[in-house]
Amino acid sequence: MGFATLSFVFAFLPVSILLFYISPKKWKTPVLLAISLLFYITLDPTNLVMMLVSITYDYLMAHLILAAKKDVRLRKIPLMACVVKNLLLIVVFGVQYQMTKIGVPLGLMVYTMTSMGYVIDVYRGDEPLESNWLNFALFCTFFGKIFYGPIVQYSVMRQDIVDRKPSLSGISTGLIVFTTGLAKQVILAQGALGVYRQITKIPYSEYSVAAVWVLVISFSFTMYFTLSGYSDMAQGLAQIFSMQLPESYRYPLQSRTVSGFFNRFNITVTQYINRYVYVFLGGDQGGFLSHALNTLLTAMLLGLWFGIRLNYLMWGVYFALFMLLEKYFLMKYLKKIPVLFNRMYTFAIVVMSFTIFSGSSLGYTCYYLRAMFQFKTRDLLDGRTAYILNSNSLVLALCFLGLTSLWEKASQWLQKKYPALSAGLSGVFHIGLLTVTVALML
């Protein structure tokens, strides 16, 4: 039972909202934690105990750190025990998946990185110790962010967990944000996936240049709108249950530089890596070589966030090379050209990166990259690709529109100029959006 299912939208979510809001204030955290664990059970019951043991272990390590007070050597022992445990879990299950194709436990990256970050912050003195296990467990396992995050510091959620202020406006705003994310997942991500699957039915030997570009672009759209959709749904669900979560995707594909894309794509994970790895290693304070190595490492770690695969690792290397190229050479030229061409450059570089991300091996990546530019030896456009483009033109047009902030800016302008009209149109639009989304889910 994922978010994009009728059972979640029309059964699990309404019942959860009702239970949460009729519960006394002191019971809201236990109730929401129970809801989160029940949601986990519906999807991955065999790994529930491991998740609870893992976060409880980190909870205890944080207490041991505080108990050691000013003894630096004693404080480091529980810190290292926490870090080693979490990294082992990520590596072991990641390698197991590559070898056996047995699925990685649901939310493993989310709850391990969340609790590990908290323990590191307690060690540094950046976060107070949480004495209530229920509060800590909800922070780590809230069902809205269990799929893809966001990854946040405890201080971001602590006040909302400790001192809740539920409201009808929170529910309505949250439902609107959740509906937007659901539509991204069902309409745009699934629509782009349909285009991708149609292209893959064409034999490799018959691919035209356009077919390869459509294949890679449709996969890029599928990935982006899946991740962005889940991010919106997480934010919406948090607001419904009187919490706030930061956004993870801020129109990254309309960035003017590759560095800008990197900073607007999976924002909270990038911030996590910067906070606990990049800054720790010295960032760009040690000269070119130090900065280059640190940039390479952090970009590789962002790639590995999606799984332990050579392609994901190389995806990070690819972005690191372009970020370094921009910083030390290209930026002075990029500043002189029109914004439109900056964005076209970034879009092309990012789309080509998904030849690395989507391939099952680097061999496929090389094949795609060659085929994208074989204008002399391949047809520019074949009949089947032309038919696929024509029959999916609306979906693709909506995907391109969804990559930009045009709709958001138009909505903000309308709200500023005509607030009453904006409120009415927003309500009608989101009801219509939910209707279309549910129709497609059926």
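Computed from a predicted model, the values in this text were never measured in an experiment.

Participant: Could you give me a rundown of the overall build of the chain, with the residues and numbers involved?
Facilitator: What the chain contains, in helices and strands, is 19 helices and 0 strands. Taken against the 2.2 N^0.38 rule, which gives 22 Å for 442 residues, the C-alpha radius of gyration of the chain at 23 Å falls within 12% of a compact globule. Expressed as lengths along the three principal axes of its C-alpha atoms, the size of the chain is roughly 70 × 55 × 50 Å. Looking at the chain residue by residue over its 442 residues, the buried ones come to 51%. Considering only intrachain contacts with a sequence separation of at least 6, the fraction spanning at least 24 residues in the chain is 75%. Within the structure as shown, the chain displays about 21100 Å² of accessible surface, and the carbon and sulfur contribution to it stands at 68%. Taking the average location of the 35 positive side-chain charges in the chain and that of its 17 negative ones, the two points are 4 Å from each other.

Participant: Help me get a handle on the packing of aromatic side chains, residues and values and all.
Facilitator: Scanning the entire structure with this criterion turns up 59 aromatic pairs. Taken together, a centroid distance of 5.5 Å and an interplanar angle of 85° make the contact between Y204 and Y207 edge-to-face. Judged by centre distance (6.4 Å) and plane angle (45°), the rings of F219 and F357 are tilted. Here F219, found in helix α9 (residues 209-240), pairs with F357, found in helix α14 (residues 339-358); they are 138 residues apart in sequence, far enough to count as distant. In this pair, the class of F219 matches that of F357, namely buried. Sitting over the face of the ring of F20, K28 holds its NZ or CZ atom 4.9 Å from the ring centroid. Taking NZ or CZ as reference, K327 lies 5.9 Å from the ring centre of Y328, over its face.

Participant: An account of the pattern of salt bridges is requested, with residue identities and associated values reported.
Facilitator: Evaluation of the coordinates by the stated rule reveals 8 salt bridges. A salt bridge links D121 to R275; its shortest N-O distance comes to 2.9 Å. Of this pair, D121 sits in helix α5 (residues 108-124) while R275 is found in helix α11 (residues 267-278), placing the two residues 154 residues apart along the sequence. On the basis of relative accessibility, which here comes to 25%, the residue R275 falls in the partly exposed class. Several salt bridges share partner residues, and in doing so they unite D121, D126 and R275 into one network.

Participant: I'd like a description of the packing of α5 against α11, backed by residues and values.
Facilitator: Between α5 and α11, the least distance of the axes is 12 Å, while the angle of their chain directions is 40°. One element, α5, and the other, α11, form an angle in the oblique class. Considering the relative orientation of α5 and α11, their crossing is left-handed. On α11, the residues touching M113, M116, G117, I120, D121 and R124 of α5 are Y272, R275 and Y276. Its residues placed into classes, the contact of α5 with α11 shows 5 nonpolar, 1 polar and 3 charged.

About the thresholds
Residues numbered from 1 in each chain as written. Predicted model: local features only at pLDDT ≥ 70, side-chain atom pairs only at ≥ 80, totals over all residues. Heavy atoms only, no water. Helix = DSSP H or I, 4+ residues; strand = E, 2+ residues; numbered from the N terminus. Rg over C-alpha atoms; globule rule 2.2 N^0.38 Å. Buried < 20%, exposed > 50% of the residue type's maximum accessible area, 1.4 Å probe, protein only. Contact = heavy atoms within 4.5 Å. Areas by Shrake-Rupley, 256 points an atom, 1.4 Å probe, with all protein chains shown as cover. Lys, Arg positive; Asp, Glu negative; His and termini not counted. Charge placed at Lys NZ, Arg CZ, Asp CG, Glu CD. Phe/Tyr/Trp six-rings, centres within 6.5 Å; stacked < 30°, edge-to-face > 60°. Lys NZ or Arg CZ within 6 Å of the ring centre and 35° of its normal. Salt bridge = Lys/Arg side-chain N within 4 Å of Asp/Glu carboxyl O. Axes fitted to C-alpha atoms, helices over the stretch in contact; angles between N-to-C directions. Parallel < 35°, antiparallel > 145°, perpendicular 65-115°, else oblique. Left-handed = near helix turned anticlockwise from the far one by under 90°. Nonpolar A, V, L, I, M, F, W, Y, C, P; charged D, E, K, R; others polar.

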